[in-house]
Amino acid sequence: MSFHIPYGRQDIDNEDIQAVINVLKSDFLTQGPAVNAFEAAISSYVGVKYAVACNSATSALHLACLALGVGPGDIVWTSAITFVASSNCALYCGAEVDFVDINLATYNISLEALTEKLIIAKSSGNLPKVLIPVHMAGQSADMRAIYALSQEYGFKIIEDASHAIGGSYENSSIGSCKFSDIAVFSFHPVKIITTGEGGMAVTNNGILADKMNLLRSHGITRDPAQMQSKSDGPWYYEQIELGFNYRMTDIQAALGMSQSKKIGGYVLRRNELAERYKSVLRGLPITLPTLLESNYSAFHLFIILLTDGITKSRHLEVFSQLREAGIGVNIHYIPVYLQPYYQKKGFKKGYCPNAEEYYSRAVSLPIFPNLSIDQQDFVGSKLGEILKP
Ligand SMILES: *Cc1c(COP(=O)(O)O)cnc(C)c1O
């Protein structure tokens, strides 16, 4: 479906195009010097020691779970409102998944629900091995409090920062891993910067970085220190784990490297548009996203909630009328556990009441660096018309 105004769109300039052309003319097409340079650029941008570029955030999440030892018999928790990849990654490892309800103001994992669930899990002996908080729409979850809980209850933390590169929490860049073991970014075209498809796991822990590196490329090592046998010769390598081909290409990394120079500008522009939405949408019967003082959001998404108690059919009507006007609104996301695949695992409607209420009221409005003022005004006036009593 192609809309006059999509909810999100990449911005590719001539410099980006030239960077890709340069790689196409070079000796390396897949993982090579451009991947190393892109990893170095992102790790220095967010202030973290190690970065592992992958062919998607989904594969980066999978590697992150494996590096933390997630496997059969383990439980991984994530937010009920996220893209399915945040929970599928645990299932790939043979672990179980469970969901924590959200906070209706921030759309992030609810600290109260998390605390309550941890107390119950402790008493029944099924605490999670890993928690995957999601920085929904680009706003960090309350990482200091989540980290404190992880110390008390003994779980590890993977931040799903797919929406959030360029944002910050307590003045540290999202991805600095101050309060987590690993953080993951996505470079899908609707996200803050893009490599077409791509993702990256970042960490300050060298052991986790080495594990993710190894598993990214078949579990194969060329480092004599990691080998079990003596080398047969210069061609020799050893497969010491069962890994995957999750490598990013140099073509993608060159695009990412070029895009990475623009993170600050993109996120600033997104914040200006978000601020401007406040006046564009003033007086409408909707709730705007709540930003906590500790946060600078990357504003991957601008999500409004329609009036409390709105009917399902009215929500659908507002959504459809916006789309008919050429405005590519979307809903991020359907509560993951309501997906048929997860319902088959036993999850039922009613499991996370806030997530379900959110889902019945949420609409993602267009926000991306090249959204024009006129387009934004059009969104505001259309929504105003549609919501007129
Ligand atoms: C986009 C997204 C992913 C998956 O990213 P890919 O790079 O497409 O694999 C995972 N989690 C969240 C929250 C996302 O928005």
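Basis of the calculations
- Residues numbered from 1 in each chain as written.
- Predicted model: local features only at pLDDT ≥ 70, side-chain atom pairs only at ≥ 80, totals over all residues.
- Heavy atoms only, no water.
- Disulfide = S-S within 2.5 Å.
- Buried < 20%, exposed > 50% of the residue type's maximum accessible area, 1.4 Å probe, protein only.
- Phe/Tyr/Trp six-rings, centres within 6.5 Å; stacked < 30°, edge-to-face > 60°.
- Lys NZ or Arg CZ within 6 Å of the ring centre and 35° of its normal.
- Domains from an automatic or database assignment.
- Contact = heavy atoms within 4.5 Å.
- Buried area = accessible area lost by both parts, 1.4 Å probe.
- Salt bridge = Lys/Arg side-chain N within 4 Å of Asp/Glu carboxyl O.
- Polar contact = N/O pair within 3.5 Å; in protein donor to acceptor, adjacent residues only side chain to side chain.
- Helix = DSSP H or I, 4+ residues; strand = E, 2+ residues; numbered from the N terminus.
- Nonpolar A, V, L, I, M, F, W, Y, C, P; charged D, E, K, R; others polar.
- Pairing = 2+ DSSP bridges.
- Expected span 1.5 Å × (residues − 1).
- Arc of directions from axis to C-beta.

(A) Representation of the state of the cysteines in the model. The tally for this structure, following the rule as stated, stands at zero disulfides. The structure places no disulfide on cysteine 54, whose sulfur is separated from the nearest cysteine sulfur, that of cysteine 89, by 12 Å. Here cysteine 54 falls in the buried class, since its relative accessible area comes to 0%. Cysteine cysteine 89 remains unbridged, with the sulfur of cysteine 65 as its closest cysteine sulfur at 3.7 Å.

(B) The packing of aromatic side chains, seen in detail. One pass over the structure, following the stated rule, counts 15 aromatic pairs. Pairing phenylalanine 347 with tyrosine 351 gives two aromatic rings, centres 5.4 Å apart and planes at 65°, and the pair type is edge-to-face. Accessibility expressed as a relative area gives 12% for phenylalanine 347, which makes it buried. By way of ring pairs, the aromatic residues Phe99, Tyr337, Tyr341, Tyr342, Phe347 and Tyr351 are connected into one cluster. Stacked on the ring of tryptophan 77, the Lys or Arg lysine 117 has its end atom at 5.3 Å from the ring centre.

(C) Just the domain arrangement of the protein, in detail. Per the domain assignment, the segments of the protein are domain 1 (5-260) and domain 2 (263-387). Placing the centre of domain 1 and that of domain 2 at their C-alpha centroids yields a distance of 25 Å. Every contact between the two is made by 46 residues of domain 1 and, on the other side, 55 residues of domain 2. Between domain 1 and domain 2, the buried area comes to about 4,200 Å², and carbon and sulfur atoms account for 62% of it. Among the residues of domain 1 in contact with domain 2, Ile5, Tyr7 and Tyr107 are the three that bury the most area, contributing 21% of the side total. Counting every contact that joins domain 1 to domain 2 gives zero salt bridges. Counting across the interface, domain 1 meets domain 2 through 32 residue pairs in polar contact (both at pLDDT 80 or more). Taken together, the elements giving at least two residues each to the side of domain 1 that touches domain 2 come down to α2 (33-46), α4 (85-92), β3 (96-100), β6 (168-169) and α8 (250-260). Grouping the constituent residues of the side of domain 1 that touches domain 2 by class yields 25 nonpolar, 14 polar and seven charged.

(D) Structural view of helix α7 (residues 206-216). Taken together, the buried positions of α7 are Leu208, Ala209, Met212, Leu214, Leu215 and Arg216. Capping of α7 at its N-terminal end is provided by asparagine 205; its side-chain oxygen lies 2.8 Å from the backbone amide nitrogen of isoleucine 207. Among the residues trailing α7, histidine 218 stands out with phi positive, at a value near 70°.

(E) Geometry of the sheet that holds β6. The antiparallel open sheet is built from three strands, whose spatial order is β7-β6-β13. For this open sheet the edge positions go to β7 (172-173) and β13 (295-296), each flanked by a neighbour on one side alone. Two strands pair when backbone bridges link them, and β6 and β13 are joined in this way by two bridges, in the antiparallel orientation. When the sheet's bridge partners are listed, serine 168 is paired in β13 with tyrosine 296.

(F) Helix α10 (residues 312-324), seen in detail. With 13 residues, α10 should cover 18 Å at 1.5 Å per step; its first-to-last C-alpha distance of 18 Å lies within 8% of that length. For α10, the complete set of buried residues consists of His315, Val318, Phe319 and Leu322. Relative to the axis of α10, the buried residues are bounded by an arc of 95° and lie together on one face. Facing away from the buried side of α10, by more than 90 degrees, are the exposed residues Ser313, Leu316 and Glu324. Next to the buried residues of α10 lie β14 (302-306), α12 (353-361), β15 (362-365) and α13 (373-387). Positive phi shows up at glycine 326, right after α10, with a value of about 85°.

(G) Spotlight on the environment of alanine 164. Looking at the element boundaries, alanine 164 is found in the loop between β5 (156-160) and β6. Considering only alpha carbons, one finds alanine 164 and serine 140, 24 residues apart in sequence, at a separation of 7.4 Å. For alanine 164, the residues in contact, after removing those within four places along its chain, are His135, Gly138, Ile174 and Ala298.

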